[in-house]
Amino acid sequence: MILNVIDGRAVASSGGDRRELIDPASGAVHGFATESTPADVDVAVAAARGAFDEWRRTTPATRSAALLAAADALEEHADELADLEVTDTGKPADVTRDEEIPASIDVVRYYAGVCRTPEGRSTGEYIEGITSGIRREPVGVCGQITPWNYPFMMAAWKWAPAVAAGNTVVLKPSELTPSSTSRMAELLSDILPPGVFNVVCGGADVGAALAAHPGVAMVAVTGSPRTGRAVAHAAADRFARVHLELGGNAPVLIFDDADLDATVEQVAFAALYNAGQDCTAASRVIAHESVYDDVVQRLAEAARTTTIGPLISGEHRERVRSMLAATPAHAKLVAGGGAPDRDGFFLEPTVVAGLRQDDELVQSEIFGPVITVQSFHDDDEALALANGVEQGLTASVWTRSHSRAMRFLRDLDFGAVSVNTHAPMGSELPHGGFGSSGYGKDLGIYGLEDYTRIKHIAHAL
Ligand code: NAD
């Protein structure tokens, strides 16, 4: 059974309830996770508060050494962690083992380094006779809530910068995929002092209890806009800080001067990676009218020949299928759309062409293996279509024109914009959106700074 990890110990919920874990690749129950109660959240927050006073006063070198040791321990258990991730999510084993787990461990190492070189403004006499300086301090107990699409990676993105900055953490993984996060905390219980990194398993009610807890100074969520809104409301009552990484709906602008071979290959990959269950998925293609037919046909071919893993649950697959079933008459399904005749929650890679801007498939984050295609006439229309959604996480532009690229890098309302590549990610590079995609950044120096507060200290001479 997958357990909570509180104050350095793996423990079952005080209520004794448990939840089935389903392998999306087969649809079969593969295990159980303990289901926390509000009382378990209280105990975890108390453990994190208890640990905070000492952890906040450690030196960056001490915290850095702990994170480096943590990264080594995770690396030693990388195969086990990858196996847990694969049975919870149905992801392809090689991608999980060779890409996601190493990239997540690199985030831990990155924050071990970056916490030793905090940046700040100059101490000095801004008021005559008074020396002023700036302290960057940890915020306190951080409640963190993660989704099911990259469970291990999202947990690493959350706890590593928070703990590196001197905070303590209570993290709630998705109820569908708690295994690798719980095991990670268990592995680190010998390395981090008890109470620094706690994990509570459970669903939305456990997340809500964490977000509303008076002992939690900051709540960080990666999840849907609905969850982000609920958490922000709960945190507002006590003015707790909120950090939100919410859904995306990435536009992919393909111009008539793009290298179509390279573009379509990379866009199809970025759209269908993780079966499209990715907040940066290259899902919303907007192609110039002169290359539109060619792009549609090439994407359809790519969709027919790409192998993908299952969606996370039967319920989520039904959600995607019902969106596809509502495809308007002016649009056309040019590839996929069906569920293959096999066990598990698989759905064929799908391309829908001829969509209009106010169609639900364009406006909503589909979060599945679906690529939509629209056409545009000129650059102004391309920009209006790309920006004409409420989400603002990632966008990409495919062109050989330098001046056009520079204009779109400036004018696209998204937290990350790239040219001739889609959503490149690295531990050093900030990730986070605008609009309904939330606010706050994960990764990079910004990810660390978001888990700190600024204090002005002044001393009269
Ligand atoms: P979700 O919002 O349903 O769940 C996310 C987490 O929030 C889970 O742990 C869930 O138990 C918890 N939760 C649900 N309701 C809650 C509430 N009222 N209060 C507190 N916690 C609550 O999202 P999901 O379906 O697990 O993940 C998919 C979503 O996550 C997509 O919208 C996707 O775009 C987004 N996402 C965003 C990023 C990013 O970096 N911006 C990365 C990955 C996923």
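Residues numbered from 1 in each chain as written. Predicted model: local features only at pLDDT ≥ 70, side-chain atom pairs only at ≥ 80, totals over all residues. Heavy atoms only, no water.

In the annotation of an unreviewed UniProt entry, the entry for the protein reads Gamma-aminobutyraldehyde dehydrogenase, and the organism field reads Mycolicibacterium moriokaense. We quote the UniProt Sequence similarities (unreviewed entry) comment for the protein here in full: "Belongs to the aldehyde dehydrogenase family." (UniProt positions renumbered as here; feature names shortened; annotations may be inferred.)

A. The overall build of the protein, seen in detail. Counting secondary structure elements, the protein contains 15 helices and 21 strands. A compact globule built from 461 residues should have a C-alpha radius of gyration of about 23 Å, and the protein, at 23 Å, falls within 12% of that. Summarising its shape, the C-alpha atoms of the protein cover approximately 70 × 60 × 40 Å along the three principal directions. In the protein, buried positions account for 55% of the 461 residues. Once local pairs closer than 6 in sequence are excluded, the contacts in the protein between residues at least 24 apart make up 74%. With an accessible surface of roughly 18,900 Å², the protein has 51% of that area assigned to carbon and sulfur atoms. Positive and negative side-chain charges of the protein, numbering 37 and 62 respectively, have mean locations separated by a distance of 5 Å. (Helix = DSSP H or I, 4+ residues; strand = E, 2+ residues; numbered from the N terminus. Rg over C-alpha atoms; globule rule 2.2 N^0.38 Å. Buried < 20%, exposed > 50% of the residue type's maximum accessible area, 1.4 Å probe, protein only. Contact = heavy atoms within 4.5 Å. Areas by Shrake-Rupley, 256 points an atom, 1.4 Å probe, with all protein chains shown as cover. Lys, Arg positive; Asp, Glu negative; His and termini not counted. Charge placed at Lys NZ, Arg CZ, Asp CG, Glu CD.)

B. Examining the packing of helix 3 (residues 78-89) against helix 4 (residues 93-114) more closely. In the contact formed by helix 3 and helix 4, the axes pass within 9 Å of each other and the chain directions differ by 125°. One finds that helix 3 runs oblique with respect to helix 4. Helix 3 and helix 4 meet at a crossing whose hand is right-handed. Residue-level contacts link Ala78, Asp79, Leu81, Ala82, Glu85 and Val86 of helix 3 to Ala93, Thr96, Arg97 and Ile101 of helix 4. Of the residues belonging to the contact of helix 3 with helix 4, the class tally is six nonpolar, one polar and three charged. (Axes fitted to C-alpha atoms, helices over the stretch in contact; angles between N-to-C directions. Parallel < 35°, antiparallel > 145°, perpendicular 65-115°, else oblique. Left-handed = near helix turned anticlockwise from the far one by under 90°. Nonpolar A, V, L, I, M, F, W, Y, C, P; charged D, E, K, R; others polar.)

C. Seen up close, the state of the cysteines. Under the criterion given, the structure shown has zero disulfides. The closest cysteine sulfur to the non-disulfide-bonded Cys142 is located on Cys115, 15 Å from its own sulfur. Residue Cys142 is classed as buried on the basis of its relative accessible area, which comes to 0%. (Disulfide = S-S within 2.5 Å.)

D. Focus on the environment of Asp278. On the secondary structure map, Asp278 appears in the loop between helix 9 (260-272) and strand 13 (284-288). A C-alpha to C-alpha distance of 8.1 Å links Asp278 and Gly368, two positions 90 residues apart in sequence. For Asp278, the residues in contact, after removing those within four places along its chain, are Asn149, Tyr150, Tyr273 and Phe367.

E. Representation of the side chain of Asp278 within the structure. Buried charge Asp278 goes without a salt bridge, the closest partner of opposite sign being Lys91 at 7.7 Å. In this structure the side chain of Asp278 is engaged in a polar contact, spanning 2.6 Å, whose partner is the side chain of Tyr150. (Salt bridge = Lys/Arg side-chain N within 4 Å of Asp/Glu carboxyl O. Polar contact = N/O pair within 3.5 Å; in protein donor to acceptor, adjacent residues only side chain to side chain.)

F. Representation of helix 11 (residues 314-325) in the model. Its 12 residues give helix 11 an end-to-end C-alpha distance of 16 Å, which sits within 8% of 16 Å, the value for a rise of 1.5 Å per residue. Taken together, the buried positions of helix 11 are occupied by His316, Arg317, Val320, Met323 and Leu324. Take helix 11 and look down its axis: the buried residues cluster within an arc of 120°, on one side only. Turned more than 90 degrees away from the buried face of helix 11, the exposed residues are Glu315 and Ala325. The secondary structure elements touched by the buried residues of helix 11 are strand 14 (332-335), strand 15 (350-353), helix 12 (360-363) and strand 16 (370-376). (Expected span 1.5 Å × (residues − 1). Arc of directions from axis to C-beta.)

G. Summary view of the site of the ligand. Neighbouring the ligand are 29 residues, the closest being Glu175, Ser224, Thr227, Leu246 and Glu365. Within the side chain of Glu175, an N or O atom sits 2.7 Å from an oxygen atom of the ligand. Between the ligand and Glu365, the relevant distance is 2.6 Å, taken from an oxygen atom to a side-chain nitrogen or oxygen of the residue. Bound to the protein, the ligand loses 89% of the 850 Å² it would expose on its own. Here the shell around the ligand is composed, by residue class, of 13 nonpolar, 12 polar and four charged. (Near = heavy atom within 4 Å.)

H. Representation of the pattern of salt bridges in the model. Tallied over the entire structure, the rule returns 22 salt bridges. Residue Arg453 is joined to Glu137 by a salt bridge in which the shortest nitrogen-to-oxygen separation is 3.0 Å. On the criterion of sequence distance, the pair formed by Arg453 in strand 21 (residues 452-460) and Glu137 in strand 6 (residues 130-138) is long-range, its members being 316 residues apart. Each of Arg135, Glu137, Arg453 and Lys455 takes part in a single network of salt bridges with overlapping partners.

I. Local environment of the pairing of strand 15. Both faces of strand 15 are covered, namely the face carrying Thr350 and Val352 and the face carrying Val351 and Ala353. Relative to strand 15, strand 14 runs antiparallel, the two sharing three bridges. By the bridge assignment for strand 15, Lys332 is matched with Ala353. As judged from the four bridges shared by strand 15 and strand 16, these two strands associate in the parallel manner. Within strand 16, the position partnered with Val352 by the bridge is Thr372. (Pairing = 2+ DSSP bridges.)

J. Examining the sheet that holds strand 21 more closely. Taken in spatial order, the three strands of this open sheet run 5-6-21, and their pairing is antiparallel. The open sheet has two edge strands with one neighbour each: strand 5 (124-127) and strand 21. If you compare each strand with its neighbour and ignore which way they point, the axes differ by 50° on average. One ladder, built from nine bridges, connects strand 6 with strand 21; its direction is antiparallel. The residue bridging Ser132 from the neighbouring strand is Ala458, located in strand 21.

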